[in-house]
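Structural description and commentary
Spelled out, the chains give:
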Amino acid sequence: MTDRLRDLYQQIILDHNRSPRNRGRLEHANRHAEGSNPLCGDKMSLELKVDDGIITDVRFEGSGCAISQASASLMTSAVKGKSVAEAEALFRAFRSMVTAPATAPIDKDVLGKLAAFGGVRQFPARVKCANLSWHTLHAALGETDDPVTTEQEGAG
Amino acid sequence: MGMVHELTAVPRSDFDVERVRLDFPILQQVHHGRSLVYLDNAATSQKPRQVIDAVTRYYETENANIHRGVYRLSAEATLAYEHVRAATQQFLRAADLHEIVFVRGTTEAINLVAQSFVRPRIGPGDEVLISHMEHHSNIVPWQIVAEQTGATLRVIPMTDDGELDLDALPPLLTDRTKFVSIVHISNSLGTVNPVKDITAMAHDRGIPILIDGAQAAPHMPIDVCSIGCDFYAVSGHKMFGPTGIGALYGLAEHLEAMPPYHGGGEMIRSVSFDGTTYAPPPAKFEAGTPNIAGTIGLGASLDYLRKLDWTALQRHEADLRDYATEALLDVPGLRIVGNAASKAAVISFVMQGVHPHDIGTILDQREVAIRAGHHCTQPVMDRLGIPATARASFAFYNTRDDVDRLVEAVREVRGVFGP
């Protein structure tokens, strides 16, 4: 395997792809958004329970590549229990990381396990896969009901 | 060993693939120490030096607008452009030169027929018949016409193996059916459809038919008179020519009866504010300055194809298909999607536990270019219950070595994702 592939398919990503966390429907959800990348066929449905500004539970359903599935799994794990403001800050940090040049430093203190997705920066065609669940989260936390797509988003 | 082997040595392919490969500059390039294995020919084909040179030469020494100038360059450009029409007529074995309309590609050809031929002839209650394995470009133009006219789109079903269910066809051809539009070779599954039989069945009911030949023309001899179809559409860029140029074959009597598709220069006989009379076909359908350079390039690709031994070429592509099919089926957890009895060298596959995009990325690291996705045939994916496939599609310049590189890379996918 090349180093670039090892950077992309890190063990934690392969693990979350194989055994995704927080998968399924959420009863009593009060926030919801749909995301899709029509050219890829990636689909994502995200449901959240937000009480007093805190994300108390979150689930996703959908299908897609290893990067998009692992991203949804790790995203839901990262934002559960966080405030809406904290989740939005993570969204911005994640988006900045995956769209930065491949040599840019990664703030592991802020991103934690999410830093594993730094490898997609070497694969411009795959940035949209990593981003989809985060943009869907951003839509669910905002007021928009518009379906989300990250297909127009490049790596820069 | 209980098997008796044929003793006569039969060459697996007498097509001189190493010689033709030298004509394709892109196949000579080396990236990160690896040569390119290009297996996305169903999306677009690579271009031989002869095509690239023809386009360059046109711009360097022959460029002028056509059908209007009185000076030497314009007259020569016009001659060159119309010469390609004759070459296209011969390539498709059309009866008449005026039955060849230059368009941007198969998509535009289908839209032209939908709007100029079919739309004026149908209304509420009428039906257009397509099949379940059409490319989006042979679905959406008919949905647009259906919306405009109140007509209905009907679909010939597909079997699990990816063949058209021809038993279901006769009841779908009714008095309401006003047009049939069918793909010759499926871009996502490789299925070769019996278009001559389907045309005969449609014509028995007096129904005109279009054949989408985008995937067929680069891989098999086409004879529109033998097929008997009313329209046939091809794309230059899939036939080793430039992008942005293609051809529509249409029966002369249809083209003469059809209203223009686009209005503008080049397609008129005379214009006044009281009214305009149109040029006869094909000029009637070629409004505006056409893609002259693309047409010259298409001419070079047709010239190139004409000189190849097509019997050997087809044997070579069949060998690649069979060799790749066998080798891929040997990879654990790999399943081939589309197992038609008559199949082109297009192999769609899925792997247990791995999404096709991840396959595509891993193969790309080994400089093996395939397509991953729905291949603009979402109804095919829905019918087969899969979101996407990985697809290797071959052309005559591919080799068994290319297949070996493909299979080696596919085995690495298992290495990354585990058994």
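Residues numbered from 1 in each chain as written. Chains lettered and ligands numbered in written order. Predicted model: local features only at pLDDT ≥ 70, side-chain atom pairs only at ≥ 80, totals over all residues.

Observations regarding the overall build of chain B
Just so we agree on the cut-off: Going along the chain from the N terminus, every DSSP run of H or I of four or more residues is numbered as a helix, and every run of E of two or more is numbered as a strand. The burial label depends on the number of other C-beta atoms within 10 Å of a residue's C-beta. Counts of 20 or more mean buried, 12 or fewer mean exposed, and intermediate counts mean partly exposed, with C-beta atoms placed from the backbone. Think of it this way: build a C-beta for each residue from its backbone, and any pair within 7 Å is a contact.
Along chain B, the regular secondary structure elements total 14 helices and 17 strands. Here the C-alpha coordinates of chain B stretch approximately 80 × 55 × 45 Å along the principal axes. For chain B, the residues scored as buried account for 48% of the 419 residues in total. Of the contacts formed within chain B by residues at least 6 apart in sequence, a portion of 71% connects residues at least 24 apart.

Notes on the nonpolar core
Applied cut-off: Connectivity within a nonpolar core runs through C-beta atoms within 7 Å, and the core itself is a set of buried Ala, Val, Leu, Ile, Met, Phe, Trp, Tyr and Cys residues.
One finds Val113, Val128, Cys229, Ala233, Leu248, Tyr249 and Leu406 of chain B to be the most contacted residues of the largest nonpolar core, which totals 121 residues. A total of eight residues in this core trace back to one element, the largest contributor, which is helix 10 (residues 292–306) of chain B. Once residues lying within four places of it in the same chain are set aside, the contact partners of Leu406 of chain B are Val37, Leu39, Ala324, Val368 and Ala392 of chain B. Core analysis: the second largest hydrophobic core is formed by 40 residues, Phe60, Cys65, Val79 and Phe123 of chain A among them.

Thoughts on the domain arrangement of chain B
Residue and element names in this part refer to chain B. Test applied: Segment limits for the domains were obtained from an automatic or database-derived domain assignment. Each residue is assigned to one class: nonpolar for Ala, Val, Leu, Ile, Met, Phe, Trp, Tyr, Cys and Pro, charged for Asp, Glu, Lys and Arg, and polar for all the others, Gly among them.
Splitting chain B by domain gives domain 1 (17–47 + 309–417) and domain 2 (51–306). Just the C-alpha atoms count here: the centres of domain 1 and domain 2 sit 28 Å apart. Residue-level contacts link 27 residues of domain 1 with 26 residues of domain 2. Contributions of two or more residues to the side of domain 1 that touches domain 2 are made by helix 11 (310–329), strand 14 (346–351), helix 13 (378–384) and strand 17 (389–393). Grouping the amino acids of the side of domain 1 that touches domain 2 by side-chain chemistry returns eleven nonpolar, eleven polar and five charged.

Side note on the packing of helix 4 (residues 84–99) of chain A against helix 6 (residues 127–141) of chain A
All names here are of chain A. As a reminder, the rule being used: Every axis in this analysis is a line fitted to C-alpha atoms, fitted for helices over the stretch in contact. Angles between the N-to-C directions lie between 0 and 180 degrees. Every angle not falling under 35 degrees, over 145, or within 65 to 115 is termed oblique; those three ranges are roughly parallel, roughly antiparallel and roughly perpendicular. Crossing handedness is read from the near helix: turned anticlockwise from the far helix by less than a right angle, it gives a left-handed crossing, and turned clockwise, a right-handed one.
Running from N to C, helix 4 and helix 6 cross one another at 155°; their axes reach a closest spacing of 10 Å. In terms of axis orientation, helix 4 runs roughly antiparallel to helix 6. Here the hand of the crossing between helix 4 and helix 6 comes out left-handed. Seen from helix 4, the contacting residues are Val84, Ala87, Glu88, Phe91, Phe94, Arg95, Val98 and Thr99; seen from helix 6, they are Val127, Ala130, Asn131, Trp134, Leu137, His138 and Leu141. Here the residues of the contact of helix 4 with helix 6 are counted per class, giving ten nonpolar, three polar and two charged.

Notes on the sheet that holds strand 13 (residues 334–337) of chain B
All names here are of chain B. Counted only if it meets this: In this scheme, strands are said to pair when DSSP sees at least two bridges between them.
The sheet built from four strands is open, its strands ordered 13-14-17-16 with antiparallel pairing. Of all strands in the sheet, those with a lone pairing partner are strand 13 and strand 16 (371–373), marking the two edges. Across the sheet, the axes of successive neighbouring strands diverge by a mean angle of 30°, strand direction being ignored. As judged from the four bridges shared by strand 13 and strand 14, these two strands associate in the antiparallel manner. Looking across to strand 14, one finds that Val337 is bridged to Ser348. Running at roughly 160° to strand 16, helix 12 (residues 356–365) makes contact with strand 14, strand 16 and strand 17 of the sheet.

Observations concerning the sheet that holds strand 1 (residues 31–37) of chain A
All names here are of chain A. One open sheet accounts for three strands, arranged 1-2-3; its pairing is antiparallel. Lying at the two open borders of the sheet, with one neighbouring strand each, are strand 1 and strand 3 (54–63). The average angle at which neighbouring strand axes cross in this sheet is 15°, direction not considered. By the bridge criterion, nine bridges tie strand 2 (residues 42–51) to strand 3 in an arrangement that is antiparallel. Considered in strand 3, the bridge of Val50 is made with Ile55. Together, strand 2 and strand 3 form the strand contacts of helix 3 (residues 66–79), whose direction differs from that of strand 3 by roughly 170°. Helix 6 contacts strand 1, strand 2 and strand 3 of the sheet and is inclined by roughly 150° relative to strand 1.

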